[in-house]
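Survey of secondary and tertiary structure
Here is how the chains run, residue by residue.
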Amino acid sequence: MKPVSLRNYRIFFLSGKGGVGKSTLSTALALALSKRGFKTLLVSLDPAHSLSILLKKGLGGAPREVAPSLSAFEVDLEREMRDYLKKVERDAEKIISPALIEKVKNQIELAYNSPGALELATVDSVYRIVKNYGRGFDKIVFDTAPSGYTVRLMASPDKLLNWVDSLIEMREEALNYRKMAGEEVKEDPVLSILRKRREEYRFLGELFRSDKTLFGVVVNPGELPLKIGERTLKEIEEAGVPVRLILANKFREKGGELFKKPTLYFPPLEKEPLGLTSLEPLVSVFEKYIG
Amino acid sequence: MRRFLNSLGLFFVGALGTENATDKLLKKARYLDFDLLTLILSDEIGIPNPLYYHTVELLPYLSGELEAWRESEKASILWRVLSETGEP
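Cut-offs used in this document
- Residues numbered from 1 in each chain as written.
- Chains lettered and ligands numbered in written order.
- Predicted model: local features only at pLDDT ≥ 70, side-chain atom pairs only at ≥ 80, totals over all residues.
- Heavy atoms only, no water.
- Helix = DSSP H or I, 4+ residues; strand = E, 2+ residues; numbered from the N terminus.
- Contact = heavy atoms within 4.5 Å.
- Areas by Shrake-Rupley, 256 points an atom, 1.4 Å probe, with all protein chains shown as cover.
- Core = buried A, V, L, I, M, F, W, Y, C linked by side-chain atoms within 4.5 Å.
- Buried < 20%, exposed > 50% of the residue type's maximum accessible area, 1.4 Å probe, protein only.
- Pairing = 2+ DSSP bridges.
- Phe/Tyr/Trp six-rings, centres within 6.5 Å; stacked < 30°, edge-to-face > 60°.
- Lys NZ or Arg CZ within 6 Å of the ring centre and 35° of its normal.
- pLDDT = per-residue confidence, 0-100.
- Axes fitted to C-alpha atoms, helices over the stretch in contact; angles between N-to-C directions.
- 1 Å grid on protein atoms, 1.4 Å probe; cavity = no way out; pocket = protein on both sides within 12 Å on 5 of 7 lines; lining within 4 Å.
- Points joined across faces, edges and corners; volume = space filled by probe spheres on them.
- Nonpolar A, V, L, I, M, F, W, Y, C, P; charged D, E, K, R; others polar.
- Buried area = accessible area lost by both parts, 1.4 Å probe.
- Salt bridge = Lys/Arg side-chain N within 4 Å of Asp/Glu carboxyl O.
- Polar contact = N/O pair within 3.5 Å; in protein donor to acceptor, adjacent residues only side chain to side chain.

A word on the overall build of chain B
From N to C terminus, chain B includes 4 helices and 0 strands. Ordered by position from the N terminus, the helices and strands of chain B form the series α-α-α-α. Sequence separation of 24 or more characterises 60% of the internal contacts of chain B that already satisfy a separation of 6 or more. By element, 61% of the accessible surface of chain B is carried by carbon and sulfur atoms, the whole surface being about 5,500 Å².

Comments concerning the nonpolar core
For soluble globular proteins, the rule of thumb is that nonpolar side chains tend to be buried together. Ranked by internal contacts, the top residues of the largest apolar core, which has 83 residues, are Phe13, Val43, Phe142, Met154 and Phe208 of chain A together with Tyr53 of chain B. Those residues in contact with Phe208 of chain A that sit more than four places away from it in its chain are Phe13, Val123, Pro146, Val151, Met154, Ala155, Phe215 and Val241 of chain A. Ranked by size, the runner-up nonpolar core spans 37 residues in total, among them Leu29, Phe266, Leu279 and Ile290 of chain A.

A look at the pairing of strand β3 (residues 64-67) of chain A
Residue and element names in this part refer to chain A. For β3 and strand β4 (residues 70-74), the ladder comprises 3 bridges, and the chain directions are antiparallel. For Ala67, the partnering residue across the bridge sits in β4 and is Leu70. Where β3 hands over to β4, the hairpin turn is made up of 2 residues, of which Ser69 adopts a positive phi near 65 degrees.

Notes on the packing of aromatic side chains
All names here are of chain A. In the structure shown here, the tally under the stated rule is 12 aromatic pairs over all chains. Seen from their ring centres, Phe13 and Phe215 are 4.9 Å apart, and the 25 degrees between their planes marks the pair as stacked. Of the two residues, Phe13 sits in strand β1 (residues 11-15) while Phe215 sits in strand β6 (residues 213-219), which places them 202 residues apart along the sequence. According to the relative accessible area criterion, Phe13 is buried, its value standing at 0%. Classification of Phe215 as buried rests on a relative accessible area of 0%. An angle of 80 degrees between the planes, with centres 5.7 Å apart, marks the rings of Phe208 and Phe215 as edge-to-face. In terms of burial, Phe208 and Phe215 fall into one category: buried. By the ring-pair criterion, three or more aromatic residues cluster together here, those being Phe13, Phe142, Phe208 and Phe215. Geometry around Phe137 places Lys39 over its ring, the cationic atom sitting 4.6 Å from the centre.

Side note on the confidence of the model for chain B
Predicted confidence across chain B gives a mean pLDDT of 80, with 75% of residues reaching 70 or more. Of all secondary-structure elements in chain B, the lowest mean pLDDT belongs to helix α1 (residues 2-40) of chain B, at 76, while helix α2 (residues 52-55) of chain B reaches the highest, 95.

Quick look at the sheet that holds strand β8 (residues 263-266) of chain A
Residues and elements named next belong to chain A. Spatially, 8 strands are ordered β3-β4-β2-β5-β1-β6-β7-β8 in an open sheet, and the strand pairing comes out mixed. Both edges of this open sheet fall to β3 and β8, since each of them pairs with a single strand only. On average, each strand axis in the sheet is tilted by 25 degrees relative to the strand beside it, whichever way the strands run. Two elements, β1 and β6, share 5 bridges in a ladder whose sense is parallel. If you follow Ile11 over to β6, its bridge partner there is Thr213.

Details of the environment of Ile193 of chain A
Within the element layout of this structure, Ile193 of chain A appears in helix α8 (residues 189-209). Expressed as a C-alpha distance, the spacing of Ile193 of chain A and Arg64 of chain A, which sit 129 residues apart in the sequence, is 32 Å. With sequence-adjacent residues up to four places away left out, Ile193 of chain A is seen in contact with Glu57, Leu58 and Tyr61 of chain B.

Let's talk about the side chain of Ser44 of chain A
All names here are of chain A. Along the polypeptide, Ser44 turns up in strand β2 (residues 40-44). Classification of Ser44 as buried rests on a relative accessible area of 0%. Aside from chain neighbours lying at most four places away, what touches Ser44 is Leu51, Phe73, Glu74, Val75 and Asp143.

Considerations on empty space enclosed by the protein
Applying the stated criterion across every chain, the model contains 1 cavity of 30 Å³ or more. The space that makes up the largest cavity amounts to roughly 60 Å³. Every residue along the wall of the largest cavity is listed here: Trp163, Val164, Leu167, Ile193, Leu194, Arg197 and Tyr201 of chain A together with His54, Thr55 and Leu58 of chain B. Mapped onto the lining of the largest cavity, the elements with two or more residues apiece are α7 (157-180) and α8 of chain A together with α2 of chain B. Element by element, the count of residues in the lining of the largest cavity is highest for α8 of chain A, at 4 residues. For the lining of the largest cavity, a count of residues per class yields 7 nonpolar, 2 polar and 1 charged.

Details of the layout of surface pockets
Residues and elements named next belong to chain A. Looking at the largest pocket, its volume works out to about 610 Å³. Lining the largest pocket we find 34 residues, and of these Gly16, Lys17, Gly18, Lys22 and Thr144 sit closest to its centre. Contributions of two or more residues to the lining of the largest pocket are made by α1 (22-35), α5 (117-133) and α9 (223-238). Looking at side-chain class alone, the lining of the largest pocket contains 13 nonpolar, 14 polar and 7 charged residues.

So, the interface of chain B and chain A
Listed as interface residues are 30 residues of chain B and, on the opposing side, 43 residues of chain A. On the chain B side of the contact with chain A, Tyr53, His54 and Tyr61 of chain B bury the most area, a combined 23% of that side's loss. Linking chain B to chain A there are 4 salt bridges. The interface formed by chain B and chain A contains 11 residue pairs in polar contact (both at pLDDT 80 or more). Within the residue set of the side of chain B that touches chain A, elements represented by two or more residues are α1, α2, α3 (59-62) and α4 (66-85) of chain B. A total of 11 residues in the side of chain B that touches chain A trace back to one element, the largest contributor, which is α1 of chain B. Residues belonging to the side of chain B that touches chain A are distributed by class as follows: 18 nonpolar, 4 polar and 8 charged.

This is the structure in structure tokens:
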């Protein structure tokens with residue numbers, strides 16, 4: 001199999017279970033890319049906020065330069081969810097009678113804990129970040145990938161787009177009837193929201209399947225960690241998204257290709273990874289494969 | 001006089017007829033809004049909506065029909081299903 005050439009990709013997602021070293025390897029990858037002169041943005045979507053600890057720097061909600069050509073920031077997903085649902089509540093308050101508003105607000109609040117909410121908030125952030133910063137940076141590295149399930153949802157755009165399209169049609173038909181009945185039909189917020197979501201799903205579907213996007217799976221040594229890694233890989237690939245790289249982390253010895261994929265081997269670090277210099281042994285592995 | 005009565009009759013037919021057609025159109029529109037609510041709130045009739053977090057954004061604009069939906073649509077869907085399967 002041809003060795004991977006990292007310079008060919010623009011967007012990087014590292015998948016893997018908690019604790020396998022996603023944040024550490026994402027940071028090392030971003031650092032390696034920036035050292036080769038690529039203007040790189042490192043984004044943490046990890047609710048554990050390990051990035052600021054690892055970099056020993058406070059990170060906020062906007063990119064901050066942490067090394068030459070390297071900027072980083074942490075997304076506070078819970079806050080993003082809160083802000084979004086607060087806005088929905090404010091929209092509701094503007095149009096709903098006081099008698100009804102409490103019931104509707106309760107219904108909106110259910111969304112915080114609805115299945116998949118955190119995952120959808122994650123892809124919303126990915127969408128916004130790639131859209132807002134895609135032009136300003138050569139490479140964007142995400143330290144967490146959306147789960148296989150969410151990737152599948154977004155990467156099978158036909159299903160999802162057909163679904164949104166049928167909602168759009170339903171609404172258009174309803175508005176047409178209202179128009180025919182002589183009602184004045186103005187700019188419809190329902191339609192504009194549905195169209196915005198449609199554009200988001202289309203964009204993410206393309207992004208996930210693009211040949212400029214690299215999905216990598218981080219695995220640790222041991223039979224069970226490898227099995228879990230293989231399952232993650234399958235989940236992503238069954239969603240129609242190719243996994244281009246296996247990152248074998250904390251391996252004392254190099255093996256061959258894992259799961260018939262190009263595999264990079266990373267040694268265990270002598271000390272806990274704190275500060276950029278501690279990542280040097282990992283950065284040098286990535287640098288060899290930038291090409 | 002006869003012509004006047006004829007016109008008057010036609011006027012009423014026209015007026016009532018138009019109103020009926022308008023009613024029908026609004027009714028159709030309303031049922032489509034109900035359908036949209038059924039999709040968003042499918043969880044309430046036992047079908048999970050994996051995109052609830054996204055579709056909840058539409059709720060403020062449809063919630064004028066929320067109570068009516070709960071009383072008529074949701075009730076009738078549940079009634080249809082439960083009458084076939086029986087309550088668990």
